[in-house]
Amino acid sequence: MKNALIGLLALLTFQVFAQKPSVESLKGAEMARFNVMVAKDRAGLEAVLHNDLTYFHSSGASDNKDSYIASIFSGKSNYQSIEVVELLTRVYGKTGINTGIVNIMNINAEGKATPLKLRFTDVFVFESGRWQMVSWQSTKLAN
């Protein structure tokens, strides 16, 4: 119930912010994306991830939209929390680029909490009245 409520709030926040392409709406979309990842909110993920998504994990593995969403629901990518440490947001018309650092708490296949500190770059496009992430690339940093 708690995850469903968090997901709903994230989706509502995403919908409120994503009315026109701006730095503020892109930041809102990014934060909503992190929230729906933790909440395992399929509708929120479907809305914020572009159909042409290319997702490069810090391990070097890659996913498309369908395989990435499947990884969240299978437990392969089990995000417990995502804390934004640094975020630089730039908007160029209907294209947005975020760069930053996040601290992620992930639960691995053995059920052990695994902290990750990542530097990332992602690209969003503004389509159908909302920001959608089309690319993600991250690199592990020392904790």
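Since this is a predicted model, take the numbers as computed values, not measurements.

Caption draft 1: Local environment of the sheet that holds strand β1 (residues 49-56). Taken in spatial order, the six strands make up an open sheet running β2-β1-β6-β5-β4-β3, and their pairing is mixed. On the outer flanks of this sheet lie β2 (62-63) and β3 (79-92), each paired with one strand and no other. Two elements, β1 and β2, share two bridges in a ladder whose sense is antiparallel. Across the sheet, Phe-56 pairs through a bridge with Ser-62, a residue of β2. Along the sheet face, helix α2 (residues 23-39) touches β1, β3, β4 (95-107), β5 (113-127) and β6 (130-141) and points at about 160° away from the line of β3. Packed on one face of the sheet, helix α4 (residues 65-74) meets β1, β2 and β3 and runs near 70° to β1.

Caption draft 2: Quick look at the pattern of salt bridges. Going through the model one piece at a time under the given rule, you end up with four salt bridges. Glu-46 is paired through a salt bridge with Lys-65; the nearest N and O atoms lie 3.3 Å apart. Here Lys-65 lies in helix α4 and Glu-46 lies in helix α3 (residues 42-48), a separation of 19 residues in the sequence. Classification of Glu-46 as partly exposed rests on a relative accessible area of 34%. For the salt bridge of Glu-86 with Arg-119, the shortest nitrogen-to-oxygen distance reads 3.6 Å. Here Glu-86 is found in strand β3, whereas its partner Arg-119 is found in strand β5, with 33 residues between them in sequence. On the accessibility criterion, Glu-86 (39% relative accessible area) is partly exposed. In this structure Arg-119 comes out as partly exposed when scored by relative accessible area, which is 42%.

Caption draft 3: Geometry of the nonpolar core. Met-37, Leu-49, Tyr-55, Tyr-68 and Tyr-79 are the most contacted members of the largest nonpolar core, which totals 24 residues. The element that contributes the greatest number of residues to this core is α2, accounting for five residues.

Caption draft 4: Here's a closer look at the side chain of Asp-63. Mapped onto the elements of the fold, Asp-63 is located in strand β2. Side chain to side chain, Asp-63 and His-57 meet in a polar contact 2.6 Å long. At 2.7 Å, the side chain of Asp-63 forms a polar contact with the side chain of Ser-67. Contact partners of Asp-63, with chain neighbours within four places excluded, come to Leu-53, Thr-54, Tyr-55, His-57, Tyr-68 and Ser-71.

Caption draft 5: Highlighting the pairing of β3. Here β3 pairs with β4 via 12 bridges, running antiparallel. Bridge pairing in β4 links Arg-90 to Ile-97. Hairpin connection, β3 to β4: the antiparallel pair is bridged by two residues, and Gly-93 has positive phi, about 70°.

Rules and cut-offs
Residues numbered from 1 in each chain as written. Predicted model: local features only at pLDDT ≥ 70, side-chain atom pairs only at ≥ 80, totals over all residues. Heavy atoms only, no water. Pairing = 2+ DSSP bridges. Helix = DSSP H or I, 4+ residues; strand = E, 2+ residues; numbered from the N terminus. Contact = heavy atoms within 4.5 Å. Axes fitted to C-alpha atoms, helices over the stretch in contact; angles between N-to-C directions. Salt bridge = Lys/Arg side-chain N within 4 Å of Asp/Glu carboxyl O. Buried < 20%, exposed > 50% of the residue type's maximum accessible area, 1.4 Å probe, protein only. Core = buried A, V, L, I, M, F, W, Y, C linked by side-chain atoms within 4.5 Å. Polar contact = N/O pair within 3.5 Å; in protein donor to acceptor, adjacent residues only side chain to side chain.

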